[in-house]
Every structure is written in C-alpha cells, then in structure tokens.
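Secondary and tertiary structure notes
Chain by chain, the residues run as shown.
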Amino acid sequence: MFAPGHITGFFAVHKSKDILKTGSIGAGITVNRGINLNIEEGSGKIFYNKKKVNICPVNKVLTYYENFGFDKNSYDIIFTSDFPLGSGLGMSGGCALTLSKKLNEMLDLKINYVKIAHISEVECGTGLGDVIGQYVKGFVIRKSPGFPINVEKFEVNDDYYIIIEIFGEKETKEIITDKKWIEKINNYGKKYLNELLKNPTLENFINLSYKFAVNTGLIDEKILELCNDLKFTVGASQSMLGNTLFCISKKDTLNDAISILKNPIICKIYY
Ligand SMILES: Nc1ncnc2c1ncn2[C@@H]1O[C@H](COP(=O)(O)OP(=O)(O)OP(=O)(O)O)[C@@H](O)[C@H]1O
Ligand SMILES: CC(C)(CO)[C@@H](O)C(=O)[O-]
C-alpha cells in the first residue's frame with residue numbers, strides 16, 4: 001500500500017467543533033516518493049524504516065479499527081519511506097491513510113477510510129490537510145477544510161521535476177497549536193489561496209509558497225539563501241511544516257539545481 005509524499009506550499013488553519021470540518025485550506029503537490037505500508041503477523045509493533053516508533057495518528061487508526069475486530073497485537077505494522085518523519089512531507093498523514101485503507105480492506109469494511117485518517121491526524125495535531133492532499137493527489141488547491149472534500153485539482157505537463165532537500169525535523173504540532181503562529185499563517189494563507197485560484201499554475205504556486213514562508217517567518221535562513229540561489233529554476237521554497245527545501249525545476253535547469261544542493265532527492269509530481 002502506497003501514499004505519496006505531500007508538500008504543502010502554503011495553508012491556513014481552520015478549527016471547528018466538528019472534527020470533520022477541522023483542517024486547512026491551502027495548496028500542495030504530491031510526489032512519487034512517499035510511504036509504503038506492509039502488515040505482517042507479529043506482536044503489535046510499529047516500524048518506520050526498520051526502527052520501532054510511536055506515531056500518534058497510527059495509534060488512533062489502530063484503535064478505531066479494533067472496534068471492528070482488528071487484533072493489533074497479532075500484527076506488526078511496517079512503514080518504509082525515502083523521507084524521515086517530521087520533514088514536512090506528510091509522512092504522518094501517509095502512515096494514517098495507508099493503514100486506514102489497508103485495514104478497511106482486510107476487514108472487508110466499507111468505511112470512509114479517508115475520514116478516519118484525517119480525524120486521526122487532526123486529533124494528534126500532526127496534520128490538517130495532508131491526508132486530503134494525499135488522497136486527491138497531484139497539484140491540489142484545498143478550498144475548504146476537511147469534509148466534504150472541496151478541492152480543485154490541476155493537471156500540469158510532465159516537464160517538471162521536484163527536488164527536495166531535508167535539513168532536519170520540525171514538529172508540526174508545535175506550530176499549528178500556537179495562536180501567534182496561527183494568526184500569521186492564516187493572514188497570508190487565505191490571501192495567497194485567493195491569488196492562486198486566480199492563476200493556478202505551478203509557477204504561481206511556488207512563488208506564493210516562497211512569499212508565505214518568508215512573510216510568516218517560518219522559513220529557515222539556510223533554506224532562504226538556497227531558494228535565492230535557485231531563482232534560475234521555476235522556483236524554490238520551504239515545505240510546510242518542515243525544515244525542508246523544495247524546488248520546482250524543468251529539465252534544462254535540473255543539473256544546475258542539483259549541483260547547488262548536497263543531498264537532493266529528485267521526484268516527479270504524482271497523480
Ligand atoms: N524519529 C521521529 N521523528 C519525528 N517524528 C516522529 C519520530 N518518531 C515518531 N514520530 C512521530 O511521528 C509523527 C510526525 O508527525 P509530523 O506531522 O511532525 O511529521 P510529518 O507528518 O512527517 O510532517 P508534516 O505533517 O509537517 O508534513 C508525530 O506523531 C511524532 O511524534
Ligand atoms: C498543517 C500542514 C502544513 C502540516 O504538514 C498540513 O497538514 C496542511 O497542509 O494542512
């Protein structure tokens with residue numbers, strides 16, 4: 001079972017008494033590297049790239065499906081990914097989404113597995129819109145938070161490469177539960193969403209993402225310098241909410257862009 005990595009370019013936080021209407025509006029892209037899930041007979045352990053982990057939304061998904069007879073202590077949950085947890089690439093959302101879909105299939109249920117994954121992420125504070133972006137896939141503008149899903153999905157030609165460089169971790173929960181950050185994020189997130197809807201191109205997306213990262217103050221100094229060094233490409237910004245740079249490049253600037261970065265991960269947009 002696979003779920004793509006999801007790069008949020010910019011977003012705004014929406015909290016509601018209804019957990020299903022809690023989430024985010026914003027814009028992002030999914031890439032062809034992400035989370036792979038396997039479930040094997042075992043003893044209730046959860047592994048991420050061979051390390052035993054504790055992932056809040058995964059625990060919540062398991063608890064939910066225990067109500068339908070899943071015996072979590074008889075299986076091991078095994079995630080593998082090119083991306084580490086905490087890198088702003090939607091890995092917690094991808095873990096929740098793949099697991100919810102897999103358990104739904106294993107138990108032959110007809111539950112809306114996407115809702116379960118979304119609720120698990122929101123309750124844990126590990127995400128707001130990744131699950132929906134990873135479910136819809138592609139270049140996705142999220143016009144309303146949560147459910148019912150209200151998005152616009154844009155096809156772009158295949159000439160674009162997404163170059164990612166991860167510099168460390170950033171805990172999503174710290175930011176999206178902080179009132180001061182939420183005020184800055186929402187001020188710019190709503191503004192840039194309206195601008196992108198008027199001109200929904202990848203060029204405008206990355207430009208607005210860069211402005212969001214700079215104007216909210218979320219951008220890391222090192223990433224800011226590299227984004228400016230990468231201006232010869234379509235553009236570069238910081239993935240939200242991570243300590244991660246992402247650059248959109250066409251083939252003719254790909255090698256020059258890669259030469260500037262130390263540990264580039266080359267991806268394509270995943271539909
Ligand atoms: N080694 C680890 N590094 C980071 N998070 C970890 C690690 N091990 C377990 N976790 C858990 O994984 C989840 C990471 O969620 P978080 O939202 O911070 O990262 P992400 O989903 O990769 O990025 P984002 O949501 O910003 O796209 C948290 O529940 C965290 O407690
Ligand atoms: C909050 C967030 C930026 C964390 O990755 C993401 O879940 C989103 O786009 O809502």
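Per an unreviewed UniProt entry, the recorded name for the protein is Pantoate kinase, and the organism is Methanocaldococcus lauensis. In its Sequence similarities (unreviewed entry) section, the UniProt entry covering the protein states "Belongs to the GHMP kinase family. PoK subfamily."

**Remarks on the sheet that holds strand β9 (residues 235–238)**
What holds strands together in a sheet is hydrogen bonding between their backbones, with the strands either parallel or antiparallel. Taken in spatial order, the 4 strands make up an open sheet running β9-β10-β8-β11, and their pairing is antiparallel. Each having just a single partner strand, β9 and β11 (265–267) make up the two edges of the open sheet. Strand after strand, the sheet turns through a mean of 20° between neighbouring axes, direction not considered. Pairing of strand β8 (residues 160–168) with β11, which is carried by 3 bridges, proceeds in the antiparallel orientation. Each residue of the ladder has a partner; that of Ile 162, found in β11, is Cys 267. Helix α7 (residues 202–216) contacts β8, β9 and β10 (243–250) of the sheet and is inclined by roughly 40° relative to β9. Here helix α9 (residues 251–260) sits on the sheet in contact with β8, β10 and β11, set at roughly 145° to β10.

**A closer look at the pairing of strand β2 (residues 23–41)**
When strand β1 (residues 2–14) meets β2, the two strands line up antiparallel, connected through 12 bridges. Residue pairing across strands places Pro 4 opposite Gly 34, the latter belonging to β2. Across 4 bridges, β2 lies against strand β6 (residues 139–142) in antiparallel orientation. Directly across from Gly 26, in β6, lies its bridge partner Arg 142. For β2 and strand β5 (residues 75–81), the ladder comprises 7 bridges, and the chain directions are antiparallel. The residue bridging Ile 35 from the neighbouring strand is Ser 81, located in β5.

Conventions we followed
Residues numbered from 1 in each chain as written. Chains lettered and ligands numbered in written order. Predicted model: local features only at pLDDT ≥ 70, side-chain atom pairs only at ≥ 80, totals over all residues. Heavy atoms only, no water. UniProt positions renumbered as here; feature names shortened; annotations may be inferred. Pairing = 2+ DSSP bridges. Helix = DSSP H or I, 4+ residues; strand = E, 2+ residues; numbered from the N terminus. Axes fitted to C-alpha atoms, helices over the stretch in contact; angles between N-to-C directions. Contact = heavy atoms within 4.5 Å.

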